[in-house]
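Spelled out from the first residue to the last, the chains are:
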Number of protein chains: 2
Amino acid sequence: MEVTRQNFKDSLKTVYSAIEEADFLAIDGEFSGISDGPNVSALTNGLDTPEERYTKLKKHSMDFLLFQFGICTFTYDQAKSKYIIKPFNFYVFPKPFNRTSPDLKFICQSSSIDFLASQGFDFNKVFCHGIPYLNKEEEAQLREQTEERRNQQANGINNQSFTSPSSKGPAHVPQEHKEYINRVIGKVEGLFTSSEKTLDLEPCTGFQRKLIYQTLNWKFPKGLHVETVETEKKERFIQVCKVDDEERKRREQQKLEREQEEVNDAVGFSRVIHAISKSGKLVVGHNMLLDVMHTIQQFYLPLPEDLPDFKEVTMCVFPRLLDTKLMASTQPFKELINNTSLAELEKRVKEGPFKSPLVETAEGFHSYDTGQEQLHEAGYDAYITGLCFVSMANYLGSFLTPPKPHISARSKLIDPFFNKLFLMRIIDIPYLNITGPDLTPKRDHVLYVTFPKEWKTSDLYQLFSAFGNIQVSWIDDTSAFVSLSQTDQVQIAMNTSRYAESYRIQTYAEYIKGRQIKEKVEPTPKSWGEDSWTKPNYTPATSAGFGYPRKRSISPALGEPRTGDAAMTDGWRDYAYPDSTGSKKMKTDDKSGNANAIESKTSEGWLKTGDASDSAGSSPIPGEEEEEEEEEGKGEEEEGSPEGNDTEGTVTWQQAPTSQGKKGQKNKKKSKGTESSTSLFDVPEVW
Amino acid sequence: MEVTRQNFKDSLKTVYSAIEEADFLAIDGEFSGISDGPNVSALTNGLDTPEERYTKLKKHSMDFLLFQFGICTFTYDQAKSKYIIKPFNFYVFPKPFNRTSPDLKFICQSSSIDFLASQGFDFNKVFCHGIPYLNKEEEAQLREQTEERRNQQANGINNQSFTSPSSKGPAHVPQEHKEYINRVIGKVEGLFTSSEKTLDLEPCTGFQRKLIYQTLNWKFPKGLHVETVETEKKERFIQVCKVDDEERKRREQQKLEREQEEVNDAVGFSRVIHAISKSGKLVVGHNMLLDVMHTIQQFYLPLPEDLPDFKEVTMCVFPRLLDTKLMASTQPFKELINNTSLAELEKRVKEGPFKSPLVETAEGFHSYDTGQEQLHEAGYDAYITGLCFVSMANYLGSFLTPPKPHISARSKLIDPFFNKLFLMRIIDIPYLNITGPDLTPKRDHVLYVTFPKEWKTSDLYQLFSAFGNIQVSWIDDTSAFVSLSQTDQVQIAMNTSRYAESYRIQTYAEYIKGRQIKEKVEPTPKSWGEDSWTKPNYTPATSAGFGYPRKRSISPALGEPRTGDAAMTDGWRDYAYPDSTGSKKMKTDDKSGNANAIESKTSEGWLKTGDASDSAGSSPIPGEEEEEEEEEGKGEEEEGSPEGNDTEGTVTWQQAPTSQGKKGQKNKKKSKGTESSTSLFDVPEVW
């Protein structure tokens with residue numbers, strides 16, 4: 001269902017009930033751009049920490065507009081053994097609702113716009129008919145303003161800036177308007193003696209209307225209702241009605257309701273997000289970090305400065321999230337899925353061992369045909385994201401004894417994937433952990449190197465030629481991370497560089513320490529979402545046991561009650577993170593413990609810890625893949641730039657090449673070659 | 001005529017010939033926003049210097065996109081005594097033409113977008129079908145790249161980054177591609193022995209294509225033409241043809257031409273602007289400073305740092321400009337025209353004493369109906385701007401003896417309006433003088449006041465209550481200009497403030513001096529437009545005699561040759577500015593002096609110097625007016641903000657009000673009241 005400003009109010013009930021009845025919902029956003037930095041590689045260093053990545057995305061990606069929001073609700077029909085889906089495609093635009101409302105500016109990135117244009121995106125629906133919205137603060141302000149104006153009118157001093165509040169005297173009418181105002185008074189006096197009930201004054205300026213209000217309020221404190229009416233030509237005039245006290249009250253009540261309605265209209269699309277949040281339903285997205293960040297920024301509040309606060313806000317807004325890109329990159333799926341781009345994933349899960357779920361589009365909704373791709377319409381993308389989730393979730397059921405063909409959104413089997421958002425192109429941290437501290441992989445083998453800006457990748461290979469294979473992750477023109485293949489060579493490299501003048505080497509630990517000194521001490525945690533916000537009525541079931549048991553087998557629950565809380569085995573709760581500071585705000589949900597915990601035949605297999613050395617315990621280990629699709633608007637590389645795939649800041653080589661590019665031509669960050677298809681190091685690669 | 005990417009190339013000849021045959025052309029641009037500052041008042045202080053204004057506009061208005069460009073050419077048909085017009089409406093968008101081309105980001109302002117949407121603007125035409133463009137530097141870069149690639153191919157080393165240029169050895173084929181490449185070699189060898197002329201390889205990756213090129217180039221240096229072809233599905237494959245040397249050369253020539261064509265396509269809409277520039281024709285606009293700035297920025301070069309350089313660039317791009325808003329605000333028109341907004345002006349010049357010119361739309365062009373307003377479509381706005389110009393110009397002819405009904409675009413009568421661009425809302429400097437130094441009105445009566453940020457307008461009135469009427473022009477939260485009505489009170493005010501702690505007063509002269517010290521010394525003038533640029537083939541006729549004779553009557557020429565240079569009376573050239581530094585780059589055009597200079601009956605009247613004290617001699621003195629329309633997207637004020645018209649930073653009061661707004665409510669910058677309709681000071685007011 002396409003929803004614009006024109007049918008938004010009429011659709012709202014349908015939207016609310018679809019959310020209410022859903023087992024889960026899938027979302028997707030389309031933006032006016034991705035990165036306002038010079039290029040994406042500046043945004044995605046392969047050795048970013050989660051904090052760094054968050055800060056970069058916040059800085060370089062939040063000035064774009066999320067202008068299409070897709071929601072597809074999935075409701076399982078037990079009788080028919082199929083999902084009933086309701087896809088929605090919302091067009092969103094921050095139309096200023098009046099002169100004093102925020103006049104938002106947003107950035108458009110030509111490549112993103114051009115990409116959407118090539119996909120048949122309808123920009124007129126966004127810009128001409130987009131649904132307005134307000135964040136929580138703007139909403140509060142508007143409600144306050146409305147309230148204030150109402151109080152003023154109730155006190156008869158609705159124009160307090162011109163009549164002194166204490167005197168309540170007559171309005172000061174400037175000389176040049178005196179004749180006009182006297183004429184109006186005459187007409188109104190005439191109204192009292194005539195049989196007419198209503199008097200329409202001629203259209204006039206805002207200032208004149210103001211004077212009329214003041215004058216009539218003072219001269220005729222009772223018996224009149226004065227109102228501004230707009231003609232079809234948008235001309236405004238004042239309508240004066242004779243009313244008794246009761247009628248006057250009734251009209252004022254009507255006006256109040258109209259004003260409330262106007263506020264609700266201004267809150268607009270945010271109401272849909274509030275409803276999702278309030279429902280506490282599982283929200284599924286594909287590579288959804290940016291979607292989540294944009295959603296919070298546009299419809300709730302400016303993104304918090306620090307990552308822990310962002311996580312807390314996210315949990316308030318979306319208590320249960322699941323990222324299908326992370327799921328597809330994780331055991332047992334990574335073995336089966338080479339390319340986790342949404343389009344490829346959708347194709348892949350149509351084939352064995354996956355089974356396409358039975359799906360029926362609810363009556364009155366547009367029925368998508370996955371044969372005819374409509375990729376990058378948000379509603380369609382949300383729909384196929386949901387399909388991918390269902391296929392993958394059901395595949396997990398095949399490992400149960402006996403196998404189960406349908407795995408619900410509340411099954412314990414999918415708990416491991418909750419609230420972990422895929423991190424693009426970070427070598428050794430596959431996801432952002434919303435409900436706890438992030439993985440802190442050892443980076444003992446990583447060096448931080450600074451050098452003159454003339455240096456190219458080949459210079460770094462030459463410098464480290466004695467240390468075997470290296471991996472270079474460019475940070476900027478004059479610095480990069482260099483990963484050695486053997487940690488024991490780090491000290492040797494450091495020693496070698498001691499007397500170097502043109503470049504400088506630090507260990508990763510030194511680098512991090514230096515950064516932390518530069519940054520301010522973390523402020524005391526603010527309490528987001530406590531007061532004015534809608535609190536989710538769902539207490540996240542996984543908030544107690546975030547993370548994965550280290551080297552432990554998972555015990556999926558069999559019971560899978562369709563309603564009520566999911567089962568939780570004991571094993572989940574007593575796992576402690578080495579760094580437990582992040583869990584201080586987490587709640588424990590102890591109510592459910594009634595499931596039969598039996599050993600599934602694959603529990604060893606599909607949640608096995610990767611060989612990667614990460615100190616934060618086991619985790620879903622995403623598979624290697626060639627990232628192609630998620631950079632929307634970037635096509636296949638050109639003949640003219642034959643250096644090969646742009647790896648966005650991370651290059652992998654087996655051998656330091658001797659002849660790197662033509663003299664004087666900078667081609668750092670552009671080389672990858674073909675050798676990178678095999679992993680060099682035993683860390684999970686995620687791009 | 002609507003022109004998008006789809007019909008651009010086919011329309012180009014029509015556009016070129018329309019420009020070539022025109023007597024003058026009118027232009028108008030539509031932008032994605034106006035100001036990225038917090039509000040327009042930050043952009044337009046009533047006492048800005050031209051330098052300050054330029055710097056502000058450059059900083060706060062240039063990140064928006066000029067996405068619709070209207071041109072209307074006007075050609076006078078002597079026989080029919082009417083103008084033949086050709087209106088064009090170009091949709092413009094910086095579509096990246098390949099992976100390595102600039103990925104421009106631009107800002108959209110919701111209010112502007114919403115305003116255009118309400119006028120029926122078609123955003124899809126911009127974003128989906130907008131004509132691309134390049135500025136001069138990007139064009140040069142692209143031509144260089146193309147040239148370089150061609151040279152490389154001619155030398156047989158088109159992939160020099162993988163094959164060492166010196167060795168010209170075989171390409172290094174990675175192990176995993178060897179089998180594939182060998183298969184390709186086999187097929188090509190088969191081609192040589194078969195009767196087929198052409199071999200289509202299967203679609204493959206860019207890297208594979210690269211390897212194929214390298215291998216075939218090396219293995220079969222002669223007898224083959226290898227080319228990448230794209231299928232309808234945008235899949236790329238390699239086509240190999242058997243060719244003899246001649247055929248090979250022919251194909252390479254074709255390829256070269258295709259590449260040149262691609263470059264021209266990428267230059268796109270810029271070619272239209274280049275054609276206008278080259279024509280040297282009079283270009284008319286309404287309130288056109290932003291149009292000119294955007295045009296230069298998008299299609300020529302990033303705007304220069306300093307105003308003098310901007311003026312020089314502008315003269316290179318548009319040797320003859322005329323701003324109808326300035327014209328309408330100047331004697332003899334200011335007496336007749338109350339509101340100089342384009343819509344109101346267009347209505348006004350339909351009535352006496354103006355005469356609507358006879359106009360005929362050329363065959364094949366969309367005929368606009370001025371009865372049915374299509375305001376804010378750039379082509380329409382350009383059209384009515386041209387109409388306004390013709391009506392006003394013809395009105396000047398009525399003062400001649402004998403009166404002339406038609407005044408051509410080359411008449412001396414309009415020379416006084418050349419190359420002066422209207423400056424919005426500057427109290428005493430009506431225009432930016434492109435061909436010379438700007439007016440430097442005396443600001444002896446102006447004080448620069450700094451104060452705590454809690455201060456409101458009323459605090460300033462109180463502070464200066466002893467000095468009679470004042471006028472406040474807010475600069476920011478903590479500073480404002482205060483104009484006293486009498487210059488002799490300035491010293492008294494200064495003395496009074498000597499021991500003040502909370503605020504500080506400087507004279508305007510001190511303020512300017514302080515600013516100049518802060519700024520760097522003006523760098524030596526750069527030579528814009530000397531090398532790579534198209535030089536205008538028109539030497540501005542007025543460049544010698546910019547400015548107006550002080551207290552002198554103008555002697556309009558009668559001859560008005562339709563072709564050839566316009567007449568120039570002696571009086572023009574020997575007028576010297578007090579500050580003549582700005583004229584160092586100006587050229588003198590002495591070729592024409594053959595007109596009969598006779599005294600027109602109105603020469604005293606319509607170019608009379610205003611009473612304003614401006615040291616730079618007489619000038620067109622714009623009339624007072626209520627600026628309403630030019631702030632696009634701002635409607636009439638709301639009941640809810642009854643402080644009246646937002647005067648964007650300048651407030652005029654006759655009396656210091658005693659009760660200003662409710663306690664604690666900031667309403668500075670919002671108050672105007674109605675008293676401002678009479679001018680307080682004898683300076684030209686332009687807002």
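Residues numbered from 1 in each chain as written. Chains lettered and ligands numbered in written order. Predicted model: local features only at pLDDT ≥ 70, side-chain atom pairs only at ≥ 80, totals over all residues. Heavy atoms only, no water.

Per an unreviewed UniProt entry, chain A is named Poly(A)-specific ribonuclease PARN, and its organism is Pagothenia borchgrevinki. A UniProt comment under Cofactor (unreviewed entry) is attached to chain A, and it reads "a divalent metal cation". What UniProt records for chain A under Catalytic activity (unreviewed entry) is the sentence "Exonucleolytic cleavage of poly(A) to 5'-AMP." (UniProt positions renumbered as here; feature names shortened; annotations may be inferred.)

Some thoughts on the UniProt feature "domain: Poly(A)-specific ribonuclease RNA-binding" (unreviewed entry) in chain A
Per the UniProt annotation, the sites labelled "domain: Poly(A)-specific ribonuclease RNA-binding" (unreviewed entry) are residues 436-512 of chain A. Helix makes up 25% of residues 436-512 of chain A and strand 29%, and the two end C-alpha atoms of the span are 21 Å apart. (Helix = DSSP H or I, 4+ residues; strand = E, 2+ residues; numbered from the N terminus.)

Concerning helix H15 (residues 378-397) of chain A
Given 3.6 residues per turn, any residue in an α-helix points the same way as the ones three and four places further on. Between its first and last C-alpha, H15 of chain A extends 29 Å over 20 residues, near the 28 Å set by a 1.5 Å rise per residue. Along H15 of chain A, 20 of the 20 residues are buried, which leaves the element largely enclosed by surrounding structure. (Expected span 1.5 Å × (residues − 1). Buried < 20%, exposed > 50% of the residue type's maximum accessible area, 1.4 Å probe, protein only.)

With respect to the nonpolar core
If you look at the biggest cluster of nonpolar residues, it comprises 144 residues, and the most contacted ones within it are Phe-90 of chain A together with Phe-90 of chain B. Among all residues touching Phe-90 of chain B, those that are not within four sequence positions of it are Val-3, Phe-8, Val-15, Phe-67, Gln-68, Phe-69, Ile-71, Ile-131, Phe-269 and Val-272 of chain B. (Core = buried A, V, L, I, M, F, W, Y, C linked by side-chain atoms within 4.5 Å. Contact = heavy atoms within 4.5 Å.)

Topic: the pairing of strand S16 (residues 479-484) of chain A
Residue and element names in this part refer to chain A. Burial analysis of S16 places six of its six residues in the buried class, which makes it a mostly covered element. Judged by which residues are buried, S16 turns out to be covered on both faces: Ser-479, Phe-481 and Ser-483 on one side and Ala-480, Val-482 and Leu-484 on the other are all buried. Judged from the five bridges that link them, strand S14 (residues 446-450) and S16 form a sheet pairing that is antiparallel. Within the sheet, the bridge partner assigned to Val-449 lies in S16 and is Ala-480. (Pairing = 2+ DSSP bridges.)

A look at the sheet that holds strand S8 (residues 236-242) of chain B
All names here are of chain B. Read from one edge of the open sheet, three strands run S6-S8-S7, paired in antiparallel fashion. Strands with a single pairing partner mark the edges of an open sheet, and in this sheet they are strand S6 (198-200) and strand S7 (224-230). Ignoring strand direction, the axes of neighbouring strands in this sheet form an average angle of 20°. Note: S6 against S8, three bridges, orientation antiparallel. (Axes fitted to C-alpha atoms, helices over the stretch in contact; angles between N-to-C directions.)

Overview of the environment of Phe-106 of chain A
Of note, Phe-106 of chain A is situated in strand S5 (residues 105-109). Residue Phe-106 of chain A is classed as buried on the basis of its relative accessible area, which comes to 1%. Residues Phe-106 of chain A and Val-126 of chain A lie 20 residues apart in sequence; the distance between their C-alpha atoms is 13 Å. Discounting chain neighbours no more than four positions away, the residues touching Phe-106 of chain A are Ser-32, Asp-63, Phe-64, Leu-65, Phe-93 and Phe-127 of chain A together with Phe-106, Ile-107 and Cys-108 of chain B.

Let's talk about the pattern of salt bridges
All names here are of chain A. Per the stated rule, a full pass over the model turns up 47 salt bridges over all chains. With a shortest N-O distance of 2.8 Å, Lys-86 and Glu-21 are connected by a salt bridge. Taken together, the positions of Lys-86 in strand S4 (residues 82-91) and Glu-21 in helix H1 (residues 8-21) put the pair 65 residues apart, joining distant regions of the chain. Taking the relative accessible area as the measure of exposure, Lys-86 reaches 13% and is therefore buried. Exposure remark for Glu-21: the relative accessible area of 37% places this residue in the partly exposed category. Of the charged contacts, one joins Lys-56 and Asp-48 as a salt bridge, the two residues approaching to 2.8 Å between their closest N and O atoms. The buried category is assigned to Asp-48, whose relative accessible area is 2%. By sharing partners, the salt bridges in this structure join Glu-2, Asp-122 and Lys-125 into a single network. (Salt bridge = Lys/Arg side-chain N within 4 Å of Asp/Glu carboxyl O.)

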